[in-house]
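This is what each chain is made of:
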Amino acid sequence: MAFRNSMNAVRRFLEAIARLVAGHGPHGSLGLALVACSLSATATELDRIRTMALAGSVLKVEAIKASGGYSLGTAVSVAPGKFVTNCHVTRDAEIVMLVRGGARWRAAFERADLYLDLCLLQVPGLEGVPTVPLTRARDLQLEQEVAAAGYSGGAGLQMHAGTVSALHDLNGSKVIQTSTAFTSGASGGALFDAEGKLAGILTFRLRGADGYYFAAPVEWIADRIDDPEGYVAVAPLNGPPPFWAQPVASLPFFMQAASLEVDGRWIDLLTLTDRWTRDDQGNPEPWLFRGNSYVMLDRVERAVDAYRNAVALNPQYTQAWLNLGKAYVKLGAFADARDVTRVLRGLDAKLADQLAVSVRPLSR
């Protein structure tokens, strides 16, 4: 059953991608063919087909530096002749080329937000490249299926499926943390939801840590795509490092917390969340990290208090409800865990099922 559900999800994803490709220019016939063959393809063929379907909208970036050498990355078509990528790929470049197959096109203009690490490139000659529809990162849900597409290692286009593992508040939207692995060369690539809509731009990862891959929300550039202002000729850019490459003390709290979590520094994480809860009193996320620390320190009753603070600040915070339910299970408070399951059922049935599995066997 689990395998069949997984295959059905892949098929739905492929069909959505194919429908999108089918509606744009000369790639339409390819998209329709992909729908037909995806229904009977093997798992290996599905990976190949899925990559083919996205290839028309996701291009490689070669950024030639003024000082010599070059950087590799990825860019996604978001409007006719306009592509989004990471500024850390292009900021030192005097020439930026977009590459597909053996052909290259030179970007003429760029619009950069160095702190948010998102650059829009205007590329003459690529107005016919299929564009992708956008969705909002803030509308994603925990454990939702997503797929990352990029030129990892500068090789061919690669896709990795995974899920949303966390959503972090920053600059009016949500930085997306996923399990979709990517490496250098995929920076600027696409994070698609299961319907083939662009939710985020692959941006950075915590080194040496599985499951800590982050995408910038597409909302950060959505309202700038059609705005003609702010574009300048491509040239090296001066300005601040991106938000994720700031000095440690200036990093967003969620990044400091994630680094401490990866290193298992639970006492330090409690100290950080003390300051975080004071500085950002309406944010439930520090209470989630605080609860997680208490669980790891085997102070589960304190964890319950922290998670309850999180859901009091945001009753829709599914991640905190899930962890609260698991904490109740650890304490043997099964009635409370079942109450949480009922609340979670109204928010996210998949997570409610996950919690229910941990409650039933132990409550017999």
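Residues numbered from 1 in each chain as written. Predicted model: local features only at pLDDT ≥ 70, side-chain atom pairs only at ≥ 80, totals over all residues. Heavy atoms only, no water.

A.B. asks: Sorry if this is basic, but what is going on with the confidence of the model for the chain here?
C.D. replies: Detailed reading of the predicted model is not advised wherever pLDDT is low. In this model, the chain carries an average pLDDT of 85, and 83% of its residues clear a pLDDT of 70 or more. In this model residues 1–7 is a low-confidence stretch, pLDDT under 50, and it forms two contacts with partners more than four residues away in sequence or in other chains. Predicted confidence is poor over residues 17–47, with pLDDT under 50, and the contacts of this stretch with residues over four places away or in other chains come to 38 contacts. (pLDDT = per-residue confidence, 0-100. Contact = heavy atoms within 4.5 Å.)

A.B. asks: I tried to follow the state of the cysteines on my own but got confused; where do I start?
C.D. replies: Covalent bonding between the sulfur atoms of two cysteines is what defines a disulfide. Evaluation of the coordinates by the stated rule reveals one disulfide. Residue Cys 87 pairs covalently with Cys 119 via a disulfide, S to S 2.2 Å. The disulfide joining Cys 87 to Cys 119 has a torsion of about 110 degrees about its S-S bond and is therefore right-handed. In this pair, Cys 87 is assigned in helix H4 (residues 87–90) and Cys 119 in strand S7 (residues 118–122), connecting sequence segments 32 residues apart. A residue is classified by how much of its surface remains accessible, and Cys 87, at 1% relative accessible area, is buried. (Disulfide = S-S within 2.5 Å. Helix = DSSP H or I, 4+ residues; strand = E, 2+ residues; numbered from the N terminus. Buried < 20%, exposed > 50% of the residue type's maximum accessible area, 1.4 Å probe, protein only.)

A.B. asks: Can you walk me through the environment of Tyr 213 in this structure?
C.D. replies: Within the secondary structure layout, Tyr 213 lies in strand S13 (residues 213–217). Tyr 213 sits 31 residues away from Phe 182 along the chain, and the two C-alpha atoms are 7.4 Å apart. Residues within four places of Tyr 213 in sequence aside, it is in contact with Ile 176, Gln 177, Thr 178, Ser 179, Thr 180, Ala 181, Phe 182, Phe 204 and Arg 205.

A.B. asks: I would appreciate a short explanation of the sheet that holds S13 in the present structure.
C.D. replies: What the six strands build is a closed barrel, ordered S8-S9-S10-S13-S12-S11; its pairing is antiparallel. Strand after strand, the sheet turns through a mean of 40 degrees between neighbouring axes, direction not considered. Here strand S9 (residues 158–170) pairs with strand S10 (residues 173–178) via six bridges, running antiparallel. Each residue of the ladder has a partner; that of Leu 170, found in S10, is Ser 173. Contacts between helix H6 (residues 253–263) and the sheet are confined to S9, S10, strand S12 (198–205) and S13, with S9 contributing the most and set at about 120 degrees to the helix. (Pairing = 2+ DSSP bridges. Axes fitted to C-alpha atoms, helices over the stretch in contact; angles between N-to-C directions.)

A.B. asks: Before we go on, may I ask you to explain the sheet that holds strand S6 (residues 109–113) in this structure?
C.D. replies: Strand pairing in a sheet relies on backbone hydrogen bonds. The paired strands run either parallel or antiparallel. Taken together, eight strands build an open sheet; the order of strands is S5-S4-S1-S2-S3-S7-S6-S14 and the sheet is antiparallel. In the strand order of this sheet, the two ends are held by strand S5 (103–106) and strand S14 (232–233), each with one partner. Summarising the sheet, S6 and S7 pair through five bridges and their orientation is antiparallel. Each bridged residue has a counterpart across the sheet, and for Phe 109 the counterpart in S7 is Gln 122.

A.B. asks: So what exactly am I meant to see when it comes to a nonpolar patch on the surface here?
C.D. replies: A surface patch of nonpolar side chains, about 270 Å² in accessible area, is lined by Ile 64, Tyr 70 and Leu 72. Secondary-structure assignment places Ile 64 in strand S1 (residues 58–65). Ile 64 gets classed as partly exposed once you look at its relative accessible area, which sits at 33%. (Patch = residues over 30% accessible without salt bridge, like charges linked within 9 Å, V, L, I, M, F, W, Y side chains within 5 Å. Areas by Shrake-Rupley, 256 points an atom, 1.4 Å probe, with all protein chains shown as cover. Salt bridge = Lys/Arg side-chain N within 4 Å of Asp/Glu carboxyl O.)

A.B. asks: Looking at this structure, I do not really get the side chain of Ser 152. What am I missing?
C.D. replies: Position of Ser 152 among the secondary structure elements: in the loop between strand S8 (145–150) and S9. You can call Ser 152 buried: its relative accessible area is 9%. When near neighbours in sequence (up to four residues on either side) are disregarded, Ser 152 contacts Gln 158, Phe 182, Thr 183, Ser 184, Gly 185 and Ala 186.

A.B. asks: Before we go on, may I ask you to explain the packing of aromatic side chains in this structure?
C.D. replies: The geometry of an aromatic ring pair is captured by the separation of the ring centres together with the interplanar angle, meaning the angle of the planes. Counted by the stated rule, this structure contains nine aromatic pairs. Judged by centre distance (4.6 Å) and plane angle (5 degrees), the rings of Phe 204 and Phe 214 are stacked. Placement of the pair is Phe 204 in strand S12 and Phe 214 in strand S13, with a sequence separation of 10 residues. Like Phe 204, the residue Phe 214 is buried in the burial classification. (Phe/Tyr/Trp six-rings, centres within 6.5 Å; stacked < 30°, edge-to-face > 60°.)

A.B. asks: Would you mind going over the side chain of Asp 193 with me for this structure?
C.D. replies: If you trace the backbone, Asp 193 turns up in strand S11 (residues 190–193). One buried charge, Asp 193, has no salt-bridge partner; the nearest side chain with opposite charge is Lys 197, at 5.9 Å. Polar contacts involving the side chain of Asp 193 include one to the main-chain amide nitrogen of Glu 195, which spans 2.9 Å. (Lys, Arg positive; Asp, Glu negative; His and termini not counted. Polar contact = N/O pair within 3.5 Å; in protein donor to acceptor, adjacent residues only side chain to side chain.)

A.B. asks: Hey, could you run me through the pairing of S5 in this one?
C.D. replies: On a regular strand, each side chain points to the face opposite its neighbour's, so the side chains alternate between the two faces of the sheet. Pairing analysis gives four bridges linking strand S4 (residues 93–100) to S5, with the strands arranged antiparallel. Bridging from a neighbouring strand, Met 97 pairs with Arg 106 of S5. If you look at the hairpin formed by S4 and S5, you'll find two residues sitting between the two strands, and Gly 101 has a positive phi there, around 65 degrees.

A.B. asks: Explain the pattern of salt bridges here, please?
C.D. replies: Two side chains of opposite charge can pair, provided their charged atoms sit close to one another. Overall, the coordinates contain 11 salt bridges when judged by the stated rule. When the shortest N-O distance is used, the salt bridge between Arg 224 and Asp 113 registers 3.1 Å. A residue pair is termed long-range when its members are at least 10 positions apart, and Arg 224 in the loop between helix H5 (219–222) and S14 and Asp 113 in strand S6 qualify at 111 residues. With a shortest N-O distance of 3.7 Å, Lys 197 and Glu 195 are connected by a salt bridge. According to the relative accessible area criterion, Glu 195 is partly exposed, its value standing at 48%.

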